[in-house]
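Structure assessment
Listed below, chain by chain, are the residues.
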Amino acid sequence: MNGMAMGKVPAAIIALQSVGLVGATVTGYLAARRRDEIKALNDQLRNINAELRSRENALLEKDAVISYVEKRADANGAGDDDMDPEEQKVYALIDEGNSDIGKGNESEGIEKLSLALLTADKLQV
């Protein structure tokens, strides 16, 4: 090979390596961005799942309270007219809890339904 051809080979290798380095840098940057986007989406999904679990637990608790109160009312054969004031309080708390959950105030609704369950438990004694 002549001297001119020998000088072109290393220059071509250096150029190809430079292109490869730029490509690897860009790919690494894009991968880091994608990883950050996936992490943000994962966090959003975790928050959504936590909210859905909270709502599901609230609905399950509400159903348990309603079922308990209905069984209690059936066992006593009591209607609304001759109901104990504490039982009326339980029904009122259930209605308020349902209303709060329907309006989007899940935490207040859950608190009222929990209070209704505690009150109903006290009545069971």
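Along the protein, the regular secondary structure elements total three helices and zero strands. Going through the 125 residues of the protein one by one, you find that 17% of them count as buried. Approximately 9,300 Å² of the protein is accessible, and the part contributed by carbon and sulfur atoms is 58%.

Looking now at the side chain of Glu106. Summarising the element assignment, Glu106 is placed in helix α3 (residues 106-124). Classification of Glu106 as buried rests on a relative accessible area of 14%. A distance of 3.3 Å separates polar atoms of two side chains, one belonging to Glu106 and the other to Arg55. Residue contacts for Glu106: discarding those within four places in its chain leaves Glu51, Arg55, Asp100 and Ile101.

On the surface, Val22, Val26, Tyr29 and Leu30 cluster together to form a nonpolar patch covering roughly 370 Å² of accessible area. One can find Val26 in helix α1 (residues 3-76). Relative accessible area serves as the criterion here: at 44%, Val26 is assigned to the partly exposed category.

Quick look at helix α2 (residues 85-103) now. With 19 residues, α2 should reach 27 Å at 1.5 Å per residue; the first-to-last C-alpha distance of 27 Å fits that figure. Every buried residue belonging to α2 is among Glu87, Val90, Leu93, Ile94, Gly97, Asp100 and Ile101, and all of these are buried. Across the axial projection of α2, the buried residues extend over an arc of 145°, all falling on one side. Facing away from the buried side of α2 by more than 90 degrees, the exposed set consists of Pro85, Asp95, Gly102 and Lys103.

Here the focus is the confidence of the model for the protein. The predicted model of the protein has a mean per-residue pLDDT of 83, with 84% of residues at 70 or higher. When mean pLDDT is taken per element in the protein, α1 scores highest with 86 and α3 scores lowest with 82.

Within the secondary structure, Lys62 sits in helix α1. The side chain of Lys62 is buried and forms no salt bridge, while Asp63, the nearest opposite charge, is found at 4.9 Å. Not counting chain neighbours up to four residues away, the residues in contact with Lys62 comprise Asn98 and Leu113.

Now for the nonpolar core. In this structure, Ala58, Val65, Tyr68, Val69, Val90, Leu93, Ile94, Ile101, Leu113, Ala116, Ala120 and Leu123 together form the largest nonpolar core, which totals twelve residues. Elements supplying a minimum of two residues to this core: α1, α2 and α3.

Attention now moves to the environment of Lys122. Relative to the helices and strands, Lys122 is located in helix α3. For Lys122, a relative accessible area of 66% gives the class exposed.

Criteria and cut-off values
Within any chain, residue numbers begin from 1 and follow the written order of that chain's sequence. For this predicted model, a pLDDT threshold of at least 70 governs which residues receive local features, and a threshold of 80 or more governs which side-chain atom pairs are given and counted, while totals over whole chains, interfaces and linings are taken from all residues. The basis for every side-chain value is the complete set of heavy atoms in the structure, and neither hydrogens nor water enter the calculation. For helices the rule is a DSSP run of H or I covering at least 4 residues; for strands it is a run of E covering at least 2, with both sets numbered from the N terminus onward. Three labels apply to residues, based on accessible area from a 1.4 Å probe with only protein chains included: buried if under 20% of the type maximum, exposed if over 50%, partly exposed otherwise in between. Computed with the Shrake-Rupley method and a 1.4 Å probe, the accessible areas treat only the protein chains shown as cover for residues. Polar contacts, as used here, are pairs of N or O atoms within 3.5 Å; protein pairs need one atom able to donate a hydrogen and one able to accept it. Residues neighboring in sequence count only if both atoms are side-chain atoms. Should any heavy atoms of two residues lie within 4.5 Å, those residues are counted as being in contact. Patch membership is restricted to residues that have no salt bridge and whose relative accessible area is over 30%. Joining uses 9 Å for like charges and 5 Å for the nonpolar side chains Val, Leu, Ile, Met, Phe, Trp and Tyr. Salt bridges are identified by distance alone: a Lys or Arg side-chain nitrogen within 4 Å of an Asp or Glu carboxyl oxygen. The span expected for a helix works out to 1.5 Å for each residue beyond the first. The arc under discussion is defined with respect to the helix axis, by the directions toward the C-beta atoms. pLDDT measures the predictor's confidence residue by residue and takes values from 0 up to 100. By the counting rule applied here, Lys and Arg register as positive and Asp and Glu as negative, while His and the ends of each chain are not counted. Among buried residues, the Ala, Val, Leu, Ile, Met, Phe, Trp, Tyr and Cys ones that are joined through side-chain atoms within 4.5 Å form a nonpolar core.

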